[in-house]
Structures are given as C-alpha cells and as structure tokens.
Amino acid sequence: MKVGRSPHRHPGQSVPAFFRKKKYCDLTRRLETICADFQNRPMDEFLRGIAQTCRSILLSHSVAQPIFQYSRHKTHKDQLMEHGTKKGTAAKNMTSPKLIPYPDEAVHRLSAKKMTSIISIRVDPCGRLWALDTGEVAGKRETPPAIHVIDLKMNVIIRSHLFKEREDYDTDSQLSTIAVDVTSSNCEDAYAYVTDYVRYMLIIYSWRNDASYRETHNFFHFDPLFGFIINNGRHIHVRHGIYSLATSPVDRDGYRRLYFSAYASTMQFIISTKILQNKTFNYERPMYEFKVMGSRGPRGQSSAASLDEETGILFYTLIAKNALGCWNSFRGEEFSEKTQGIIVQDDTELSYPNDVRVDKTGILWLLVNNYIAYQLNQLEADSFNFKIFKGKVRQIIRGSVCEEV
C-alpha cells in the first residue's frame with residue numbers, strides 16, 4: 001500500500017504492509033478499517049446511513065449476503081475494527097449480524113412505495129439525513145425517483161419529494177449522487193443537487209419551496225477519451241456524465257461553490273451555487289461562471305468527492321488507480337498534478353473505492369465495493385468485497401502534498 005506524498009516521499013519513508021485479517025497494522029496511523037456490529041453497537045449518523053445504503057444494494061441487486069468479521073484493538077485511544085461482506089456461505093467461526101433497516105423495515109418494503117433503492121445519502125448540520133432514491137429494482141423503475149429527508153432525532157421521514165417525469169428526469173435517466181447545501185443557522189434555505197449521468201443533467205431542489213428543476217451544461221458530459229476504465233485487469237466502457245459532487249465552505253457572498261466532475265473524465269470543474277439557485281438563469285448563452293479547474297491526470301476518473309471544511313482539502317476517489325486522492329483548496333494553488341496527492345493506494349484492499357465522505361468530527365470515511373467485478377459477475381466468494389475504512393483527516397494527510405500549511 002502506498003501512503004504519503006505523491007509522487008515523491010520523504011527520505012527513508014517506508015511503505016507499510018497492509019493489515020491481515022484479524023491482525024492489527026496501524027498503517028503509520030493513517031488509515032483504519034472498521035467492522036460495525038450494526039445490531040448491538042450504536043452508530044454515528046453517517047455509518048447508520050451507510051448501513052441502509054449497503055442493505056439497499058444487497059437486497060435490490062442480490063450482490064452478496066452480509067458476512068462480518070471483526071476484531072477489536074486499542075491504540076492511542078482509538079478502536080481499530082475491520083468489516084467486510086463476502087459472497088456465498090459464511091466461513092467457519094464467523095458471525096453474520098443482520099443490518100438494521102433505517103429508519104424502519106416497513107418503509108423499505110416495495111409494497112409501501114416509500115423507499116425503493118437508496119443510492120446516495122448526506123447528513124446536514126440541521127440533523128437531517130437526505131437520501132436519494134432511484135426508484136429502481138433490477139433495472140426496472142418501480143417508483144418515481146425521489147429525495148427522502150429523515151429527522152435523525154425522531155428517526156422518521158419528514159418529507160419525500162418525488163421528481164416529475166419529463167420535467168426533472170426522463171425514462172432513461174440514471175441518478176447517482178446528492179449534495180446538500182445548507183447552514184445550521186438557516187435550515188429552511190436548504191438546497192440539494194442531484195446528478196443524472198445519462199441525461200447529463202443537474203437537478204436542483206429547494207427545501208423552502210419544495211420544488212425542483214434541472215439544468216444542463218457541456219461540462220456535465222463525459223469525455224470520450226476516458227470512457228474506457230481499467231481496474232485490476234477488468235475493464236468497462238461507459239459514457240457516464242456528471243457524477244461526483246462536493247461543496248465548499250460558504251463564501252463571502254453567502255453562497256458555496258460546487259465542485260463537480262463526470263465519471264468518464266479526468267477533469268474537475270466548479271460553479272457558484274448562486275448560479276444554480278437562480279432558476280431564471282440562461283444556461284444556453286456563453287458564460288464564464290462555470291470554471292475549469294484542471295485535470296486529475298492519467299487514469300484520474302473519479303466517482304465521488306468530499307471537501308473537509310476545517311482543512312479545505314478536497315478528497316476524491318480514483319477508481320482506476322484504487323486510490324484516494326487529495327487537493328488543498330486553502331493553499332491557493334492551481335488544480336494540477338503537482339498540487340494533488342495520493343493519500344492511500346492498494347489494488348487489493350481498495351479495489352474500486354466508490355464513495356468518500358468527511359463528517360463533522362473530522363473523520364474521513366471511505367467505501368470500497370469492488371463494483372466493476374460485480375458488473376462483470378466476477379465477485380470472489382472468498383474475498384471481502386464490501387468494506388468501510390475510516391481515518392482522522394489530520395492524521396492521514398500528514399506528510400502528503402495536501403498537508404496543512
């Protein structure tokens with residue numbers, strides 16, 4: 001596993017061996033893996049949402065049966081645990097705790113037509129969990145795509161906004177990611193941004209108005225030079241457009257900036273949310289509000305990003321490299337290969353890093369799901385195909401090009 005500054009390292013810095021099952025390796029204190037006993041241990045807000053997301057994927061697509069293996073170790077007041085799921089029969093001496101449906105089992109029944117297939121979640125500072133529902137099961141649309149908002153204190157759905165066909169989405173639309181834009185001081189002025197990577201659209205939803213609309217732009221399209229993705233010898237060819245979203249801290253004008261990129265692309269873009277929230281804005285005229293930041297370099301396709309507001313670091317998955325990348329927005333440097341770093345990289349344990357998120361406590365969470373192997377029906381029964389990693393931001397960036405000034 002490669003850890004630290006990329007492409008160069010400090011003199012004498014060694015590359016640590018990755019952990020082995022049930023054995024502890026601190027990875028130079030940079031990365032930790034966790035196994036969540038979802039049935040018997042309390043979870044933080046993000047992990048609770050991840051549990052439901054994993055459950056939806058497992059049940060909707062029959063990818064794997066949940067099998068958890070974990071061990072507990074204490075070091076520097078941290079608890080290291082390991083978690084994963086295998087396809088097939090449970091190995092000997094392994095427990096298999098059930099995932100807990102959230103907020104309850106009833107809303108996930110197809111007959112209820114409430115929550116069908118959750119693909120992306122975000123927790124806002126107002127104590128609400130936003131869940132993007134594709135409405136699809138096994139490629140068939142059972143319900144309209146929707147945003148469900150859950151009160152994390154009451155554990156109940158407080159609003160479900162169903163998108164309108166032909167206005168917000170088309171029959172072949174594929175929604176993938178949700179980003180939430182709100183501050184704790186003004187919870188009613190929340191906005192959500194949702195990607196449609198097939199129609200190359202961005203759906204904008206206003207909480208105050210309970211209304212949505214969509215916009216398009218050339219930057220939302222895929223790059224034909226980067227639609228061929230190779231991961232561990234497996235390859236897929238895609239035309240996926242806008243996919244990855246991340247929001248900046250609030251600027252002086254009271255608005256954030258939205259970082260976005262297409263799945264089949266290495267380019268990173270940015271736009272002020274002031275433009276996105278203006279429904280009357282003419283997106284067809286030539287304009288300069290949409291900015292080109294730069295490229296993530298060869299094999300720099302990304303499926304997700306998250307910006308840590310404390311350090312200003314933009315973290316992003318690198319799905320062709322099986323790595324987690326970073327760029328420090330507070331340094332005032334251009335977005336280039338020289339100013340970007342690799343936090344961690346491993347072709348075995350990080351096979352297809354699918355999603356990344358930084359929570360309000362400064363913990364980074366990384367979801368790995370071996371997606372391309374699943375798409376090609378090549379999941380290995382004796383491997384842990386679905387994993388969640390976590391690490392403290394200020395620890396994992398230490399010694400990297402993204403380290404704080």
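Scoring rules and cut-offs
- Residues numbered from 1 in each chain as written.
- Predicted model: local features only at pLDDT ≥ 70, side-chain atom pairs only at ≥ 80, totals over all residues.
- Heavy atoms only, no water.
- Helix = DSSP H or I, 4+ residues; strand = E, 2+ residues; numbered from the N terminus.
- Buried < 20%, exposed > 50% of the residue type's maximum accessible area, 1.4 Å probe, protein only.
- Areas by Shrake-Rupley, 256 points an atom, 1.4 Å probe, with all protein chains shown as cover.
- Phe/Tyr/Trp six-rings, centres within 6.5 Å; stacked < 30°, edge-to-face > 60°.
- Lys NZ or Arg CZ within 6 Å of the ring centre and 35° of its normal.
- Salt bridge = Lys/Arg side-chain N within 4 Å of Asp/Glu carboxyl O.
- Core = buried A, V, L, I, M, F, W, Y, C linked by side-chain atoms within 4.5 Å.
- Contact = heavy atoms within 4.5 Å.
- Patch = residues over 30% accessible without salt bridge, like charges linked within 9 Å, V, L, I, M, F, W, Y side chains within 5 Å.
- Polar contact = N/O pair within 3.5 Å; in protein donor to acceptor, adjacent residues only side chain to side chain.
- Disulfide = S-S within 2.5 Å.

Participant: Would you mind going over the overall build of the protein with me for this structure?
Facilitator: From N to C terminus, the protein includes 4 helices and 28 strands. Every one of the 405 residues in the protein was classed for burial, and the buried ones make up 57%. As displayed, the protein has an accessible area near 18700 Å², and 49% of this comes from carbon and sulfur atoms.

Participant: Sorry if this is basic, but what is going on with the packing of aromatic side chains here?
Facilitator: For any pair of aromatic rings, the description consists of the separation of the ring centres together with the inter-plane angle of the planes. As enumerated under the stated definition, the model contains 15 aromatic pairs in all. Aromatic pair W130 and Y205: ring centres 6.3 Å apart, planes at 70°, arrangement edge-to-face. Residue W130 is found in strand β7 (residues 128-133), and its partner Y205 is found in strand β14 (residues 201-206); the two are separated by 75 residues along the sequence. Here W130 and Y205 have matching classes, each one buried. Through a chain of ring-to-ring contacts, the aromatic side chains of F219, F220, F260, F269 and F290 assemble into a single cluster. Above the face of the W207 ring, R159 is positioned so that its terminal group lies 3.7 Å from the ring centre.

Participant: I would appreciate a short explanation of the pattern of salt bridges in the present structure.
Facilitator: For the structure shown, the criterion picks out 13 salt bridges. With a closest N to O distance of 3.0 Å, R199 and D170 form a salt bridge. You can see R199 sitting in the loop between β13 (191-196) and β14 and its partner D170 sitting in the loop between β11 (156-162) and β12 (175-181), a full 29 residues away along the chain. Residue classification places D170 among the buried positions, given a relative accessible area of 16%. The residue R199 makes a salt bridge to D172 at a minimum N-O spacing of 3.4 Å.

Participant: Help me understand the nonpolar core, please; the structure alone is not making it clear to me.
Facilitator: Burial of nonpolar side chains together is a common tendency in soluble globular proteins. Formed by 19 residues in total, the largest nonpolar core has its most connected members in F315, L324, I343, V356, L364, L366 and I397. Among the elements of the structure, β23 (313-318), β24 (323-328), β25 (340-345), β26 (353-358), β27 (363-368) and α4 (393-396) are those that each provide at least two residues to this core. Of all the elements, β27 adds the most residues to this core, at 3 residues. Every residue in contact with L324, bar those within four places of it in the chain, is listed here: F315, Y316, T317, G341, I342, I343, V344, V356, L364 and L366. Of all hydrophobic cores here, the second largest spans 18 residues; its members include A179, L202, I271 and F281.

Participant: Please explain a nonpolar patch on the surface as it appears in this structure.
Facilitator: On the surface, a nonpolar cluster with roughly 280 Å² of combined accessible area is contributed by M154, V156 and I158. Counting through the fold element by element, M154 comes out in the loop between β10 (146-151) and β11. A relative accessible area of 60% places M154 in the exposed class.

Participant: How should I be thinking about the environment of E309 in this particular structure?
Facilitator: Its location among the elements puts E309 in the loop between β22 (305-308) and β23. On the basis of relative accessibility, which here comes to 41%, the residue E309 falls in the partly exposed class. Filtering out sequence-adjacent residues up to four positions away, E309 remains in contact with S248, P249, R256 and F330. A distance of 2.9 Å separates polar atoms of two side chains, one belonging to E309 and the other to R256.

Participant: Before we go on, may I ask you to explain the state of the cysteines in this structure?
Facilitator: Each disulfide consists of a covalent bond between the sulfur atoms of two cysteine residues. Applying the stated rule across the entire model yields 2 disulfides. Between the sulfur atoms of C126 and its disulfide partner C187 the distance amounts to 2.0 Å. Linking C126 and C187, the disulfide has an S-S dihedral of approximately -95° and is accordingly described as left-handed. Here C126, found in the loop between β6 (118-123) and β7, pairs with C187, found in the loop between β12 and β13; they are 61 residues apart in sequence, far enough to count as distant. Classification of C126 as partly exposed rests on a relative accessible area of 23%. By relative accessible area, C187 is classed as partly exposed at 23%. At a sulfur-sulfur separation of 2.0 Å, the disulfide partner of C326 is C402. Every disulfide takes its handedness from the sign of the S-S torsion; for C326 and C402 that torsion is 95°, giving right-handed. One end of the pair, C326, is in strand β24; the other, C402, is in the segment after α4, with 76 residues separating them in the sequence. Across the pair, exposure class does not vary: C326 and C402 are buried alike.

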